[in-house]
Amino acid sequence: MKKTLSLLLSLVLMLSLALPASAAETEYPTLEGGVTEIQKYGNIVLDIDPADLKDGGYTYGDLLTVTVNGTGYDMPLCTNYSDVDTGALVLRDSEGVLIAAINMGDFATTNGLAMKVTAEDGSYTWEFPEGQSLETITVSISMKEAGGYYDQYLIHQLTRTNERADYASDAVFANFRNVAVGDLGENAFFRSSSPVNNELNRAAYADDLAEANSIQTVMNLADSNELIEGYIAAEGFDSPYYQSLYEAGKVKALNLGVDFTAADFKSGLAEGLRFFAENEGPYLVHCNEGKDRAGFVSALLECLMGATYDEVVADYMTTYMNYYHLEEGSEQYEAVKNSNIVSILTNITGAAEGTDLTTVDLAAAAEDYMLDAGLTADEVTALKANLAKDYTVETEAPAEETPEEPAPQARTYTVEAGDCLWNIAYEVYGTGTRWTVIYEANRDIIRDPGMIYIGQVLTIPAA
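The following paragraphs examine the structure supplied in this document. Counting restarts for each chain: residues are numbered from 1 in the order of the written sequence. Whole-chain, interface and lining totals are the exception, using all residues; otherwise, since this is a predicted model, local features are given only for residues with pLDDT of at least 70 and side-chain atom pairs are given and counted only at 80 or more. Side-chain metrics in this entry use all non-hydrogen atoms of the structure; hydrogen atoms and water are not considered.

1. What about the packing of helix α9 (residues 263-278) against helix α14 (residues 377-387)?
Angle between the axes and distance between the axes: these two values describe a pair of packed helices.
Piece 1. Every axis corresponds to a line fitted to the C-alpha atoms, with the helix fit spanning only the stretch in contact, and the corresponding angles, defined between N-to-C directions, vary from 0 to 180 degrees. Strands are runs of DSSP state E lasting at least 2 residues, helices are runs of H or I lasting at least 4, and numbering of each runs from the N terminus. Two elements in contact, α9 and α14, have axes whose closest approach is 8 Å; the angle formed by their N-to-C orientations is 60°. Judged on the interaxial angle alone, α14 and α9 are oblique. Of the two possible hands of crossing, α9 and α14 adopt the one that is left-handed. Contacts from L273, R274, F276, A277 and E278 of α9 reach α14 at E379, A382, L383 and N386.
Piece 2. Residues are sorted three ways: Asp, Glu, Lys and Arg are charged, Ala, Val, Leu, Ile, Met, Phe, Trp, Tyr, Cys and Pro are nonpolar, and all the rest, Gly among them, are polar. In the contact of α9 with α14, the residues fall into five nonpolar, one polar and three charged. The cut-offs work like this: below 35 degrees is roughly parallel, past 145 is roughly antiparallel, 65 to 115 is roughly perpendicular, and the gaps in between are oblique. Left-handed is the label given to a crossing in which the near helix is rotated counterclockwise from the far helix by less than a right angle, and right-handed is the label when the rotation is clockwise. Residue contacts are counted whenever heavy atoms from the two residues lie within 4.5 Å of one another.

So, in structure tokens, the structure goes:
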């Protein structure tokens, strides 16, 4: 027995040595250095070589802790400022130089390292707190979470154009589509990029599609009434159908932000949902791109109307396939799905992170979300009833035209024994009084209407 146990322990030890260390077990070196320069916009240039990070096992998409003068800042390792959102921290590998920065911000000033002083001629200097200088700034880099930003990093690599020729159709270009999953009625609910703000060169296309689909009620998540009126007044505005809806009071302008967890987002969205409950469809939801805010609201309404998890995910991802030509199953596709729509559904359902959302009652969760946002039970019921309607426009089939009888044609008659114009007229017209019609048509061969001859061929005009 002891010999068997010893053999088992030896086998376990051998297997443990053969298995690769997990990311959690990997030891990443802490790199230390200083700052060589504060750039014009407050980015700080480190004297740590990016090659040392690579040699230490660090890679793009890792979330690092960069400690500057004793204060730690969590930031991802990336290649461009645009790899993070505006206002976010980033450690940028810029062609072999490491730069700690705030995208569209001033890292040095924001964090009290130095203050920029600009002279009248436009030149500038950096003034440091008393007793401090560029040389006294210390920096260290350590691992916060390996791959902790990787999905977001992949998402920020996505690019698209605003040229119609680069897309398969007007609908794909405008990200315009009917969503018909669950109990949503036929032609009841649509989503799109903005049909009024032409910043992305898509407004006129979305507007034409809105008109073609007889949209009657619009939830504009991105704009205020003032912004909409500004677009309408701008030179080159070309969305007349949207303008007609707006002027008829059929557009609800919500001007929402993109923080879906914010209380004002939730309360503002309740206004839009109430607007749908109070007005007839077909309905359109849009923001600017029809991607993030419209994606959230579309997912919420799809859940309410009984769509499955897979249906909600597929619709959300269609936007990224439209804009970025993502292929289902690709690394970027999975990154977008996990980072965006899975997060959205987790928010809507209130489920714990990592929950298998296919097991959650999405319809009940969506209804609870709306009630919590401020809708009444009656308003939710009215909303569901409106979205379930069939808004297919019944076009009247053209009335069947009764084929016209061919115009009666003149014919001929050969005079027989005993005939006279009177009895011929009676035979062909039903009345002998029309003998004069026959006579007038045959004046060239009848000299005396009282005298016709056997074998004469007479022209008989149509009745």
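2. A look at the pairing of strand β14 (residues 283-286)
Piece 1. Judged by which residues are buried, β14 turns out to be covered on both faces: Y283 and V285 on one side and L284 and H286 on the other are all buried.
Piece 2. Following DSSP output, two strands are said to pair if at least two bridges run between them. Where strand β11 (residues 189-192) lies against β14, four bridges are found, and the strand directions are parallel. By the bridge assignment for β14, R191 is matched with V285.
Piece 3. Bridge analysis of strand β12 (residues 217-220) against β14 gives four bridges, and the strand direction is parallel. Paired with V218 across the two strands is L284, which belongs to β14. The buried label applies to any residue whose accessible area, calculated with a 1.4 Å probe on protein chains only, is under 20% of its type's maximum; exposed applies above 50%, and partly exposed to all values in between.

3. Looking at the sheet that holds strand β10 (residues 177-178)
Piece 1. Spatially, five strands are ordered β10-β11-β14-β12-β13 in an open sheet, and the strand pairing comes out mixed. Looking at which strands have only one partner, the edges of the open sheet turn out to be β10 and β13 (251-253).
Piece 2. Taken together, the three bridges between β12 and β13 define a ladder with parallel strand orientation. Paired with M219 across the strands is K252, a residue of β13.

4. Thoughts on the state of the cysteines
Piece 1. Disulfides are defined in this document as cysteine sulfur pairs within 2.5 Å. Taken as a whole and judged by the stated rule, the model has zero disulfides.
Piece 2. The thiol of C303 is unpaired, and the distance to the nearest cysteine sulfur, on C287, comes to 17 Å.

5. Description of the side chain of N340
Piece 1. Looking at the secondary structure, you find N340 in helix α12 (residues 331-349).
Piece 2. A relative accessible area of 15% means that N340 is categorised as buried.
Piece 3. A polar side-chain atom of N340 sits 2.9 Å from a polar atom in the side chain of Y320.
Piece 4. For N340, the contacting residues outside a window of four places in its chain are Q152, I155, Y316 and Y320. For this analysis, a polar contact is any N or O atom pair within 3.5 Å, provided that within protein one partner can donate a hydrogen and the other can accept it, and provided that sequence-adjacent residues contribute only side-chain to side-chain pairs.

6. Thoughts on the sheet that holds strand β1 (residues 31-38)
Piece 1. The strand order around the closed barrel built from seven strands is β1-β2-β6-β5-β4-β3-β9, with neighbouring strands paired in mixed fashion. For this sheet, the mean angle separating the axes of adjacent strands, direction not counted, is 40°.
Piece 2. Bridge count for β1 against strand β9 (residues 138-145) is four bridges, and the pairing is antiparallel. Within the sheet, the bridge partner assigned to G34 lies in β9 and is T138.

7. A closer look at α12
Piece 1. The first and last C-alpha atoms of α12 sit 26 Å apart over 19 residues, in line with the 27 Å expected at 1.5 Å per residue.
Piece 2. Of the residues flanking the end of α12, it is G350, one or two places downstream, whose phi is positive at about 70°. Any helix carries an expected span of 1.5 Å times its number of residues minus one.

8. Regarding the environment of I341
Piece 1. Looking at the secondary structure, you find I341 in helix α12.
Piece 2. On the accessibility criterion, I341 (0% relative accessible area) is buried.
Piece 3. Measuring from C-alpha to C-alpha, the distance between I341 and A203 comes to 25 Å, with 138 residues separating the pair along the chain.
Piece 4. Look past the residues within four positions of I341 in its chain and what remains in contact with it is A299, V312, V313, Y316 and V336.

9. Here's the deal with the pattern of salt bridges
Piece 1. The rule for a salt bridge is simple: a side-chain nitrogen of Lys or Arg has to be within 4 Å of a carboxyl oxygen of Asp or Glu. All chains considered together, the criterion is met by 14 salt bridges.
Piece 2. In this structure, D315 engages R191 in a salt bridge whose closest nitrogen and oxygen atoms are separated by 2.8 Å. Here D315 is found in helix α11 (residues 309-324), whereas its partner R191 is found in strand β11, with 124 residues between them in sequence.
Piece 3. A relative accessible area of 0% places R191 in the buried class.
Piece 4. A salt bridge links E289 to K291; the nearest nitrogen and oxygen atoms lie 3.5 Å apart.
Piece 5. Residues participating in the shared-partner salt-bridge network are R160, E289, K291 and D292.

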